[in-house]
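# Commentary on secondary and tertiary structure
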Amino acid sequence: MKLFEWLFSADARLLLAGALGGCVNWLTRKATLWDGVTQIVVGAICAVYLSPLFLPAITPMLGEIIATPEELARLSGFAIGLGGVSVSGFFLDFWHRYRDRAKGKDRDDA
């Protein structure tokens, strides 16, 4: 697929929605520039790959939304971008604590 065609694809729109969600997350937290760049990238990646899982959850969470499927996809991408950093951070912290306990050391001692 050519780059120009990809820029107008559904994945590109999800990537942008997730990046903008990560940007909003960064701006509201008043984090450093490096943290902001990280949140934007993580938000974009999470939006592209997690939107199919989040889309079915939108209606039960927010009620009946009158929107096209494309608009719902963008909404889910933005929401995932907004929360993707927090959720992925939670899972990474959980993994590190599990790994450290398996090695026999406490994370607070490191």
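Refer to the preceding data block for the structure.
These remarks concern the structure in this document. (Residues numbered from 1 in each chain as written. Predicted model: local features only at pLDDT ≥ 70, side-chain atom pairs only at ≥ 80, totals over all residues. Heavy atoms only, no water.)

Here we take up helix 2 (residues 10-29). The periodicity of an α-helix, 3.6 residues per turn, causes residues three or four positions apart to be oriented the same way. Between the first and last C-alpha of helix 2 there are 29 Å, a value that for 20 residues agrees with the 28 Å anticipated at 1.5 Å per step. Among all positions of helix 2, only Ala 12, Leu 14, Ala 17, Gly 18, Ala 19, Gly 21, Gly 22, Asn 25 and Trp 26 are buried. Looking at the residues trailing helix 2, positive phi occurs at Lys 30, about 55°. (Helix = DSSP H or I, 4+ residues; strand = E, 2+ residues; numbered from the N terminus. Expected span 1.5 Å × (residues − 1). Buried < 20%, exposed > 50% of the residue type's maximum accessible area, 1.4 Å probe, protein only.)

The next subject is a nonpolar patch on the surface. Taken together, the side chains of Leu 33, Trp 34, Val 37, Val 41, Ile 45, Tyr 49, Leu 50 and Leu 53 present a nonpolar region at the surface, about 920 Å² in accessible area. Positionally, Val 37 belongs in helix 3 (residues 33-62). (Patch = residues over 30% accessible without salt bridge, like charges linked within 9 Å, V, L, I, M, F, W, Y side chains within 5 Å. Areas by Shrake-Rupley, 256 points an atom, 1.4 Å probe, with all protein chains shown as cover. Salt bridge = Lys/Arg side-chain N within 4 Å of Asp/Glu carboxyl O.)

Running from amino to carboxyl end, helix 2 crosses helix 3 at an angle of 145°, the nearest separation of the two axes being 7 Å. Note on packing geometry: the crossing formed by helix 2 with helix 3 is right-handed. Mapping the contact onto sequence places Asp 11, Leu 14, Leu 15, Gly 18, Ala 19, Gly 22, Cys 23, Asn 25, Trp 26 and Arg 29 in helix 2 and Leu 33, Gly 36, Gln 39, Ile 40, Gly 43, Ala 44, Ala 47, Val 48 and Ser 51 in helix 3. Among the residues forming the contact of helix 2 with helix 3, the class breakdown is 10 nonpolar, 7 polar and 2 charged. (Axes fitted to C-alpha atoms, helices over the stretch in contact; angles between N-to-C directions. Left-handed = near helix turned anticlockwise from the far one by under 90°. Contact = heavy atoms within 4.5 Å. Nonpolar A, V, L, I, M, F, W, Y, C, P; charged D, E, K, R; others polar.)

On to the packing of helix 2 against helix 4 (residues 69-103). Any two packed helices are characterised by the angle at which their axes cross and by the distance between the axes. Remark: helix 2 packs on helix 4, axes separated minimally by 7 Å, with the N-to-C direction vectors making an angle of 40°. Between helix 2 and helix 4, the interaxial angle falls into the category oblique. Here helix 2 runs over helix 4; the crossing is right-handed. Listed contacts from helix 4 to Arg 13, Leu 14, Ala 17, Gly 18, Leu 20, Gly 21, Gly 22, Val 24, Asn 25 and Arg 29 of helix 2 are Glu 70, Ala 73, Arg 74, Gly 77, Phe 78, Gly 81, Leu 82, Val 85 and Ser 86. Grouping the constituent residues of the contact of helix 2 with helix 4 by class yields 8 nonpolar, 7 polar and 4 charged. (Parallel < 35°, antiparallel > 145°, perpendicular 65-115°, else oblique.)

With that settled, the discussion passes to the environment of Lys 2. Note on placement: Lys 2 falls in the segment before helix 1 (3-7). Relative accessible area serves as the criterion here: at 60%, Lys 2 is assigned to the exposed category.

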